[in-house]
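Each chain, written out:
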Amino acid sequence: MTSSPPDSSFMGEPDATGRFGRFGGRFIPETLMPACIELDAAFRDAWADAAFRAELDELLSSYAGRPSPLTECHRLSEEIGVRVLLKREDLNHTGSHKINNVLGQALLTKRMGKTRLVAETGAGQHGVATATAAALMGFECTVYMGEVDMERQKLNVFRMRLLGAEVRPALSGSRTLKDAVNEAMRDWVATVETSHYCLGSVMGPHPYPWLVRELHRVIGDEARQQTRALLDGADPDVVVACVGGGSNAAGIFSGFADTSAALVGVEPAGGAAVGAGIPGVVHGMHSYLMQDEWGQVEEAHSISAGLDYPGVGPEHAHLSDIGRAQYHPVTDDEVINAFQVLTRTEGIIPALEPAHGLAWILREAPSMQGHTVLLNLSGRGDKDVAQMMDILEGERS
Ligand SMILES: *Cc1c(COP(=O)(O)O)cnc(C)c1O
């Protein structure tokens with residue numbers, strides 16, 4: 001019997017060591033190895049089990065609100081001469097794509113006989129989604145958050161506590177997301193009998209980058225069907241998504257990897273891991289990272305707290321290497337403009353993260369006249385309205 005070889009070129013499985021080309025892998029202390037091996041086996045088994053897939057599909061539809069619609073932007077398209085379509089992940093329960101991943105990992109936790117979720121969070125969005133899934137399933141939940149981020153994102157800290165989660169401050173290093181990931185991994189090693197580490201993006205040691213991408217594949221699968229129905233069987237010319245760790249981008253790209261659509265990831269100029277990063281190892285993976293001249297991981301800076309990750313998932317590093325996807329930076333000013341453009345022309349207030357994707361579309365519109373562009377609208381802007389008020393009203397006074 002022969003099985004087909006792993007195909008790491010077009011968003012198939014990574015190789016046996018968890019690598020996408022030269023990126024990925026499993027750079028972890030020995031104490032974490034059994035946990036990653038157990039998780040890999042459990043996910044492989046679950047993902048091949050029709051009953052598990054059916055249970056997840058049911059949750060995604062009855063609880064999260066899938067399938068999310070495809071919206072054609074008539075007024076915006078008219079204005080910029082590019083046909084813009086939105087995949088509406090902003091309409092999911094908890095307001096972003098993140099629910100797809102946490103519901104999958106929560107079901108997997110139950111299947112492994114575990115009763116507690118551990119998670120890291122930066123801006124708080126993944127922490128809130130994880131606390132939501134824990135409440136739904138009756139799990140204990142501990143979320144690690146940098147002390148600095150806890151101060152900046154008080155409302156999300158309160159939300160997580162309302163949902164029954166314990167929020168523990170990460171007090172080491174710069175006291176931000178990178179430190180929260182380290183603390184969460186430390187907790188997981190010590191409690192692996194009962195706990196699952198619910199990682200929030202396509203990063204970390206194998207199997208996470210692959211596992212999280214598979215749980216977001218639903219975005220791309222739905223979008224491919226929806227765009228083909230709308231475009232008489234054709235695919236969009238370009239598929240665009242913002243990139244923090246890279247999970248919403250990986251989800252939508254996976255539906256179009258084998259088509260002729262161009263794939264474009266958009267990064268904040270102050271956190272362009274693919275565009276300006278150097279290969280290195282952090283959080284158990286080999287990928288592009290923002291590093292200083294001494295190899296220290298640098299803080300990312302962006303108007304959008306959800307994109308403040310100094311690294312990027314290894315599969316994106318690979319897709320960039322082989323030229324299947326391109327990654328471009330946009331500035332905070334371009335993002336502030338894009339946020340207002342979508343709000344005024346379509347009546348949709350986007351999160352600042354996907355406003356990065358739109359900012360790139362607006363900039364490139366002159367060279368894409370008449371083309372069809374699909375943007376993954378990864379989240380809604382409610383969480384960002386107060387920040388935008390400070391920026392825009394501040395400008396006026
Ligand atoms: C968290 C978040 C992101 C960034 O994470 P990825 O893993 O890069 O998708 C993007 N958009 C929204 C709305 C988010 O909440």
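Here we summarise the structure given alongside this text.

Procedures and definitions
- Numbering of residues starts from 1 in every chain and runs along the sequence as written.
- The predicted origin of the model limits local features to residues at a pLDDT of at least 70 and limits the giving and counting of side-chain atom pairs to 80 or more, whereas totals for whole chains, interfaces and linings rest on all residues.
- To get the side-chain values, all heavy atoms of the structure are used, and hydrogens and water are removed first.
- Under the DSSP-based scheme used, a helix requires at least four consecutive residues in state H or I and a strand at least two consecutive residues in state E, with every element numbered from the N terminus.
- Throughout, near means a residue has at least one heavy atom within 4 Å of the molecule or strand.
- In protein, a polar contact means a hydrogen-donor-capable atom and an acceptor-capable atom, both N or O and within 3.5 Å, with residues adjacent in sequence counting only if both atoms are side-chain atoms; elsewhere, any N or O pair within 3.5 Å suffices.
- Note that accessible areas follow from Shrake-Rupley with a 1.4 Å probe, and for residues the cover is restricted to the protein chains shown.
- We call Asp, Glu, Lys and Arg charged. Ala, Val, Leu, Ile, Met, Phe, Trp, Tyr, Cys and Pro are nonpolar, and the rest, Gly among them, are polar.
- Only the stretch in contact is used when a helix axis is fitted, and all axes are lines through C-alpha atoms; the angle between N-to-C directions ranges over 0 to 180 degrees.
- Any angle between 65 and 115 degrees counts as roughly perpendicular, while under 35 counts as roughly parallel, over 145 as roughly antiparallel, and the rest as oblique.
- Working rule for contacts: check all heavy atoms of both residues, and any pair within 4.5 Å makes them a contact.
- Note on exposure labels: buried denotes an accessible area under 20% of the residue type's maximum, exposed denotes more than 50%, and partly exposed covers the range between, all computed with a 1.4 Å probe on protein chains only.
- A pair of strands is treated as paired once DSSP finds two or more bridges between them.
- Salt bridge, as applied in this entry: a Lys or Arg side-chain nitrogen positioned within 4 Å of an Asp or Glu carboxyl oxygen.

## Some points on unusual backbone geometry
- Omega for the bond connecting arginine 66 with proline 67 falls within 30 degrees of zero, at 0 degrees, which places this linkage in the cis form.
- When you line up the elements, proline 67 lands in the loop between helix H2 (50-62) and strand S3 (70-73).
- The omega torsion across histidine 206 and proline 207 is 15 degrees, close enough to zero to call that bond cis.
- Checked against the element boundaries, proline 207 lands in the loop between strand S8 (195-197) and helix H9 (208-230).

## Observations concerning the site of the ligand
- Residues in contact with the ligand amount to 16 residues; listed here are only the nearest, Lys98, Ser201, Gly244, Gly246 and Ser247.
- The separation between an oxygen atom of the ligand and a polar side-chain atom of serine 247 is 2.7 Å.
- A distance of 2.8 Å separates an oxygen atom of the ligand from a polar atom in the side chain of asparagine 248.
- Within the complex, the protein chains bury 96% of what would otherwise be the 380 Å² of accessible surface of the ligand.
- Across the shell around the ligand, the residue classes break down as three nonpolar, eleven polar and two charged.

## Description of the packing of helix H5 (residues 125-137) against helix H7 (residues 154-162)
- Axis separation between H5 and H7 bottoms out at 9 Å; the angle between their running directions is 10 degrees. On the basis of the axis angle, H5 is roughly parallel to H7. Contacts between H5 and H7 pair Gln125, Gly127, Val128 and Ala131 from the former with Asn156, Arg159 and Met160 from the latter.

## Let's talk about the side chain of histidine 97
- Relative to the helices and strands, histidine 97 resides in the loop between strand S4 (83-88) and helix H4 (98-111).
- Side chain to side chain, histidine 97 and serine 247 meet in a polar contact 3.2 Å long.
- Histidine 97 has contacts with Glu89, Asn92, His216, Ile219, Ser247, Asn248 and Ser378, leaving out every residue within four places of it along the chain.

## A word on the side chain of serine 201
- One can find serine 201 in the loop between S8 and H9.
- Within the structure, the side chain of serine 201 is placed 3.4 Å from the backbone nitrogen of glycine 246, a separation counted as a polar contact.
- In this structure the side chain of serine 201 is engaged in a polar contact, spanning 3.4 Å, whose partner is the backbone nitrogen of serine 247.
- With residues near it in sequence (within four places) discarded, serine 201 still touches Val212, Gly245, Gly246 and Ser247.

## Some thoughts on the environment of glycine 122
- Looking at the element boundaries, glycine 122 is found in the loop between strand S5 (116-121) and H5.
- As for glycine 122 and threonine 176, which are separated by 54 residues in sequence, their C-alpha atoms are 6.6 Å apart.

## Details of the pairing of S3
- Here S3 shows one buried face, formed by Thr71 and Cys73, and one open face, formed by Leu70 and Glu72.
- When S3 meets S4, the two strands line up antiparallel, connected through four bridges. Across the sheet, residue glutamate 72 finds its bridge partner in S4, namely leucine 85.

## So, the pattern of salt bridges
- According to the stated counting rule, one finds 28 salt bridges in the structure shown.
- Here glutamate 222 and lysine 87 are joined by a salt bridge, their closest N and O atoms 2.7 Å apart. Within this pair, whereas glutamate 222 is found in helix H9, its partner lysine 87 is found in strand S4, the two being separated by 135 residues in sequence. In this structure, glutamate 222 and lysine 87 share a single accessibility class: buried.
- The salt bridge involving arginine 213 is made with glutamate 214; its shortest N-O contact spans 2.5 Å.
- Under the relative-accessibility criterion, glutamate 214 is labelled buried at 10%.

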